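Commentary on secondary and tertiary structure
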Amino acid sequence: MKKFESPDLYDIDSLLSDEEKMVRSSLREWVDENLMPVIEDSYQQATFPTHLIPQMAELGLFGANLPEKYGCAGVNNVSYGLMMQELERGDSGIRSFASVQGALVMYPIFAYGTEEQRQHWLPKLASGEKIGCFGLTEPDFGSNPGGMQTNAVKDGNEYVLNGAKMWITNGSIADVAVVWAYLDGKVRGFLVEKDTPGFKAPEMKNKHSLRASITSELIFQDCRIPVDNLLPETGGLKSPLGCLTQARFGIAWGVMGSAMACYHEALNYAKTRIQFDKPIASFQLVQQKLANMVSEITKMQLLSLQLGRLKDNKKMNFTQVSVAKRNNVFHALEIARMARDVLGANGITAEYQSMRHMCNLETVKTYEGTHDIHTLIIGSDITGIPAFS
Ligand code: TGC
Ligand code: FAD
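Residues numbered from 1 in each chain as written. Chains lettered and ligands numbered in written order. Predicted model: local features only at pLDDT ≥ 70, side-chain atom pairs only at ≥ 80, totals over all residues. Heavy atoms only, no water.

It is worth spelling out the packing of helix α4 (residues 92-112) against helix α5 (residues 115-126) at this point. When two helices pack together, their arrangement is given by the angle between the helix axes and the distance between those axes. Between α4 and α5, the shortest axis-to-axis distance is 9 Å and the interhelical angle comes to 160°. On the basis of the axis angle, α4 is roughly antiparallel to α5. Relative to α5, the crossing made by α4 is left-handed. Contacts from Gln101, Val105, Met106, Ile109 and Phe110 of α4 reach α5 at Gln117, Arg118, Trp121, Leu122, Leu125 and Ala126. (Axes fitted to C-alpha atoms, helices over the stretch in contact; angles between N-to-C directions. Helix = DSSP H or I, 4+ residues; strand = E, 2+ residues; numbered from the N terminus. Parallel < 35°, antiparallel > 145°, perpendicular 65-115°, else oblique. Left-handed = near helix turned anticlockwise from the far one by under 90°. Contact = heavy atoms within 4.5 Å.)

See the structure below:
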């Protein structure tokens, strides 16, 4: 397989700083050397390659856009986005691990925690010594997390949690769970440590998608946690939704990596696969598919870069993030399907990556707000009329 190069029809590289390009190339090299050789096996075995966690931490991947004083890389949001892009070029499940650890566990501790909670958790999570998960979704409340049943009751110096979460990335391997529950009628965030009595995190098996990622249930039965484990600045659904904004930003960038991997694979295959005595790349219909792929990738690159610049200038809002998450995941999935098609029968085998990316992207289209929920978020903003219910 030809060495990966990202397409750049619009000279988008000229819009990146030297530091941003350096971050991208170090991640790209790491993915080629360390992730690509093991990812297909992890995917087939439905395991997360845990041996890569210390290396990912060394690369500064966890909470990369959070301040250095907590042991984080402190890079800007465009560099962070490029990291997610390169990681997801390897696999969406590996990017999910980094997204959850950084955007959904470290971010809420940073944004809603006490200084003591930050000092205690952030360096350990940045170094990969501790792993986190984020429990919002419940069996009966996915798109509508405001309906959650999980609740907390104060009892002396403790909160008592009852309820269940489902579809939780990293749940069974996490040292700490950021759990969202109603307390006195308001959604609040709690830190629940592994092995707390009354807390279990059984793994969910038999996924056809995101197989190189651990997905779990979280079950709380009279689970008692110290009052100090409340994230004090949380208050209302806005708090977990604020974390989702961070993670969705990373996803919008990440899926460009999957799309680029599929395009690269299809382009190279089309140039060498001979049918009717010619490379299939010489047929107009195949060129049309490749042209569609690269055009959509180019649009995604421009959209994500401007989103990153807005975030770096503290001007980004959550509707803009919904536009990018919705658009980029939709087109990445279309590109993966087209690439699989160009690869013919070979495209269904583990010798090629496009089908793995395609299956992963079905999850990415659903989690962090489904495609249609993002349609409604955008619709609500532009019309002023929420149509969620
Ligand atoms: P709604 O009344 O619209 O909003 C409540 C308050 O929150 C504010 N808000 C946000 N704030 C920050 N960021 C966002 N993205 C926000 N969206 C809304 C909103 O302004 C309001 O503020 P205020 O001051 O008026 O109180 O709430 P709603 O109950 O009608 O729900 C709206 C809806 C449907 C859009 C929302 O619930 C939603 O986004 N649903 C999708 C659920 C979802 O995305 N779940 C993801 C679970 S985590 C996950 O999937 C991890 S995957 C692993 C990985 O990332 O790799
Ligand atoms: P539902 O909400 O039941 O939606 C089903 C369908 O109905 C969708 O097509 C949806 O668009 C549509 N629909 C729903 N409401 C409306 C409406 N108002 N108008 C129009 N259409 C509507 N969650 C976490 O909290 N933490 C995690 O770490 C996490 N990781 C995940 C990992 C994986 C592998 C997966 C698959 C999911 C993960 N999730 C996680 C859960 C994910 O966020 C939810 O699956 C997602 O929010 C959708 O919820 P649902 O699956 O219950 O679908």
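With respect to spatial proximity, 18 residues lie near ligand 2, and among them Thr137, Ser143, Trp167, Thr370 and Phe388 are the closest. Side-chain polar atom of threonine 169 to a nitrogen atom of ligand 2: 2.9 Å apart, as the coordinates give it. Threonine 370 is positioned such that a nitrogen or oxygen atom in its side chain is 2.7 Å from an oxygen atom of ligand 2. Burial of ligand 2 by the protein chains amounts to 67% of its free accessible area of 980 Å². Of all elements in the fold, only β3 (158-169), α9 (354-366) and α10 (371-383) reach the threshold of two or more residues within the shell around ligand 2. Ranked by the residues each element gives to the shell around ligand 2, the list is headed by β3, at 3 residues. Split into classes, the residues belonging to the shell around ligand 2 amount to 8 nonpolar, 8 polar and 2 charged. Split by domain, the shell around ligand 2 shows at least three residues from each of two domains, domain 2 (132-231) and domain 3 (238-383). (Near = heavy atom within 4 Å. Polar contact = N/O pair within 3.5 Å; in protein donor to acceptor, adjacent residues only side chain to side chain. Areas by Shrake-Rupley, 256 points an atom, 1.4 Å probe, with all protein chains shown as cover. Nonpolar A, V, L, I, M, F, W, Y, C, P; charged D, E, K, R; others polar. Domains from an automatic or database assignment.)

What follows covers the site of ligand 1. Every one of the 25 residues lining ligand 1 counts as a neighbour, but Ser143, Thr245, Arg248, Glu368 and Gly369 are closest to it. Interatomic distance of 3.2 Å between a backbone N/O atom of leucine 241 and a nitrogen atom of ligand 1. Within the side chain of tyrosine 367, a nitrogen or oxygen atom sits 3.1 Å from an oxygen atom of ligand 1. Here ligand 1 loses 73% of its free accessible area of 1,100 Å² to cover by the protein chains. For the shell around ligand 1, the secondary-structure elements that each account for two or more residues are α4, α6 (238-272) and α10. With 6 residues, α6 is the single largest residue contributor to the shell around ligand 1. Here the shell around ligand 1 is composed, by residue class, of 12 nonpolar, 9 polar and 4 charged.

Attention shifts here to α10. In this model, α10 (13 residues) spans 18 Å end to end at C-alpha, consistent with the 18 Å of a helix rising 1.5 Å per residue. Those residues of α10 not exposed but buried are His371, Ile373, His374, Ile377, Ile378 and Ser380. Packed against the buried residues of α10 are α6, α8 (318-342) and α9. Backbone geometry just downstream of α10 places glycine 384 in the positive-phi region, at approximately 80°. (Expected span 1.5 Å × (residues − 1). Buried < 20%, exposed > 50% of the residue type's maximum accessible area, 1.4 Å probe, protein only.)

Coordinates in, geometry out; function isn't part of it.
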